[in-house]
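Listed below, chain by chain, are the residues.
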There are 2 protein chains.
Amino acid sequence: MTAAPSEPPAPPARTRRARGAAGARRPVYDASSLLAVAVQEFNARGYDATSMEDLSRAAGITKSSFYHHVSGKEELLRAALNRALDGLFAILEEPAAQEGAALDRLRHIIFRQVEVLTSELPYVTLLLRVRGNTETERWALARRRAFDATIASLVADAVADGEVRAGVEPSLAARLLSGTVNSIIEWYRPGRPGSESLPGEVVRIVSEGIIPPA
Amino acid sequence: MTAAPSEPPAPPARTRRARGAAGARRPVYDASSLLAVAVQEFNARGYDATSMEDLSRAAGITKSSFYHHVSGKEELLRAALNRALDGLFAILEEPAAQEGAALDRLRHIIFRQVEVLTSELPYVTLLLRVRGNTETERWALARRRAFDATIASLVADAVADGEVRAGVEPSLAARLLSGTVNSIIEWYRPGRPGSESLPGEVVRIVSEGIIPPA
DNA sequence: TCGCGGCGAACGATCGTTCGGTTGCCGGGA
DNA sequence: TCCCGGCAACCGAACGATCGTTCGCCGCGA
């Protein structure tokens, strides 16, 4: 599928120069800036629908030049998914995610998960759209399921501790919780007013309900 | 991308016979059964990653035979997206979605939306993953946005009528609401126990909160 | 005999990737 | 100071594979 043409030649987001300080050499990319460009294109068109030609054009160089900096398409995907997963799993290592009542830990994780979702938006977006077509994607899916399972067991703990009122089926609650939080990537865009209050609002809304009873 | 081999030759889900009653002719597909096969494959691998070879193999015939029944890949997508969108928009035409207090109409729509999501699962799943690469996909995205906008304005009405307690930012609530409901496609599979009570549980959970305050 | 369902082969286009070659800045020996 | 060898960045062209689609033909039941 050939999507609508991505952009004009586009002012590439170049970052550094080849060497030294006042390098007269032409601007140069590093691996992470090319990854950022690639992930943006992946998210715009979908990984499979994005060609290496698309990526190199968005970077402002030719396809063969692009290959001088990166080892391949799937390697770009792997690096991006890794970044997203590392950000998410780091949350579980925080003291507030490991100590205290289950419900408090859960609320902390939700709060931080929204923060990571927004700060690492392109990478997490890519992660949440993976389908499992390659070994790389299946590995990412497995890691993601492990993260969700941790949250699900925390929800179950909270119910078992009597911290959540009866009638909430734990596994259903956990699934809807993850779905609600993850759906933020569908509409959140950085730099809009009110962004900094989003994590707190999400925690409050999943606690009190979206459309509370009259 | 070449996904893992889909299946062995696969017992194709053939539906009818060519003609007459005791037709000795080999089984034959109609357009809708081939659409069902195609949509399942699209969802398993993603639309772009699914080749016509994959589709015909899943149907148990060759690629060229497959083309004898369908006019092309994008036409299959269009038919599938249309089916999903028709199902969703039909909800808005129901009397209970048009009469009564905003909050009641909203709850009815959520209930029915979960029902349609589950009964038309493969088609709605495909719809919710469209990225907008072709004119067909952009048309589907526009229709989907119109549906979401209807719900968003209903949420705003409920807030304006004082039916929802203060502190809920209407547009944020509407987005999280849609995200929560739509996330069901990520895990719901038909035929599991408790399926019939899901719509009611979802309505209750978005009203009372997923992890209510202690 | 007609025609529908199915088939193999091939079309041009595009895919991810590789290769050989050119450019121009830079460090270091004369 | 000058020059030169090295090398990082970049490019055009092409590779084999696979893509969606088309074509001509065949077998068989009505």
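Rules used in this analysis
Residues numbered from 1 in each chain as written. Chains lettered and ligands numbered in written order. Predicted model: local features only at pLDDT ≥ 70, side-chain atom pairs only at ≥ 80, totals over all residues. Heavy atoms only, no water. Helix = DSSP H or I, 4+ residues; strand = E, 2+ residues; numbered from the N terminus. Buried < 20%, exposed > 50% of the residue type's maximum accessible area, 1.4 Å probe, protein only. Contact = heavy atoms within 4.5 Å. Areas by Shrake-Rupley, 256 points an atom, 1.4 Å probe, with all protein chains shown as cover. Polar contact = N/O pair within 3.5 Å; in protein donor to acceptor, adjacent residues only side chain to side chain. Nonpolar A, V, L, I, M, F, W, Y, C, P; charged D, E, K, R; others polar. Salt bridge = Lys/Arg side-chain N within 4 Å of Asp/Glu carboxyl O. Least-squares fit on C-alpha atoms with pLDDT ≥ 70 in both. Expected span 1.5 Å × (residues − 1). UniProt positions renumbered as here; feature names shortened; annotations may be inferred.

1. With respect to the overall build of chain A
Here's step 1: When helices and strands are counted, chain A shows 10 helices and 2 strands.
Here's step 2: Listing the helices and strands of chain A from first to last along the sequence gives β-β-α-α-α-α-α-α-α-α-α-α.
Here's step 3: A total of 214 residues make up chain A; the buried ones form 47% of that total.
Here's step 4: Here the analysis covers contacts within chain A between residues at least 6 apart in sequence; of these, 61% occur between residues at least 24 apart.
Here's step 5: With an accessible surface of roughly 10,100 Å², chain A has 54% of that area assigned to carbon and sulfur atoms.

2. Details of the interface of chain B and chain A
Here's step 1: The partner chain A presents 51 residues to the 51 residues of chain B that form the contact.
Here's step 2: Applying the counting criterion to the chain B and chain A interface returns 7 residue pairs in polar contact (both at pLDDT 80 or more).
Here's step 3: Looking at the side of chain B that touches chain A, the elements with two or more residues in it are α1 (31-45), α6 (102-119), α8 (135-160), α9 (170-182) and α10 (198-208) of chain B.
Here's step 4: For the side of chain B that touches chain A, the leading source of residues is α10(B), giving 8 residues.
Here's step 5: Considered class by class, the residues forming the side of chain B that touches chain A number 26 nonpolar, 10 polar and 15 charged.

3. Digging into the pattern of salt bridges
Where charged atoms of side chains with opposite charge meet at close range, the side chains can pair.
Residues and elements named next belong to chain B.
Here's step 1: This structure, assessed with the given rule, holds 22 salt bridges over all chains.
Here's step 2: Taking the shortest distance from any N to any O, the salt bridge between Arg45 and Glu41 comes out at 2.0 Å. Taken together, the positions of Arg45 and Glu41, both in helix α1 and 4 residues apart, correspond to about one turn of that helix. Neither residue differs from the other here; Arg45 and Glu41 are each classed as buried.
Here's step 3: With its nearest N and O atoms 3.1 Å apart, the salt bridge here joins Asp86 to Arg143. Remark: Arg143 occurs in helix α8 and Asp86 occurs in helix α4 (residues 73-93); sequence separation between them is 57 residues.
Here's step 4: The class for Asp86 is partly exposed, based on a relative accessible area of 43%.
Here's step 5: Given the relative accessible area of 22%, Arg143 is considered partly exposed.

4. Digging into the relation of the copies chain B and chain A
Here's step 1: After a rotation of 180° and a shift along the axis of 0.0 Å, chain B superposes on chain A with an RMSD of 0.0 Å. In symmetry terms, the pair is related by a two-fold rotation axis. Across chain B, the smallest distance between a C-alpha and the rotation axis is recorded for B:Gly209, namely 1.7 Å.
Here's step 2: The fraction of interface residues of chain B whose copies in chain A are also interface residues reaches 100%, indicating that both copies meet through the same surface.

5. Describing helix α9 (residues 170-182) of chain A
Here's step 1: An ideal rise of 1.5 Å per residue puts 18 Å on 13 residues; α9(A) measures up with 18 Å between its terminal C-alpha atoms.
Here's step 2: The element α9(A) is largely enclosed, with a buried count of 10 among its 13 residues.
Here's step 3: For α9(A), every residue scored as buried is listed here: A:Leu172, A:Ala173, A:Ala174, A:Leu176, A:Leu177, A:Ser178, A:Gly179, A:Thr180, A:Val181 and A:Asn182.
Here's step 4: On its buried face, α9(A) sits against α6 (102-119), α7 (121-128), α8 (135-160) and α10 (198-208) of chain A together with α9 and α10 of chain B.

6. Brief notes about the environment of A:Ala36
Here's step 1: Looking at the element boundaries, A:Ala36 is found in helix α1 (residues 31-45).
Here's step 2: A sequence separation of 86 residues divides A:Ala36 from A:Pro122, and the C-alpha atoms of the two residues are 8.1 Å apart.

7. Topic: the UniProt feature "DNA-binding region" (unreviewed entry) in chain A
Here's step 1: UniProt feature "DNA-binding region" (unreviewed entry): in the numbering of this structure it lies at residues 51-70 of chain A.
Here's step 2: Helix makes up 75% of residues 51-70 of chain A and strand 0%, and the two end C-alpha atoms of the span are 14 Å apart.

8. Focus on the environment of A:Ala90
Residue and element names in this part refer to chain A.
Here's step 1: In this structure, Ala90 sits in helix α4 (residues 73-93).
Here's step 2: Under the relative-accessibility criterion, Ala90 is labelled partly exposed at 40%.
Here's step 3: In the structure, Ala90 is positioned 23 residues away from Gln113 in sequence and 10.0 Å away in space, judged by C-alpha atoms.

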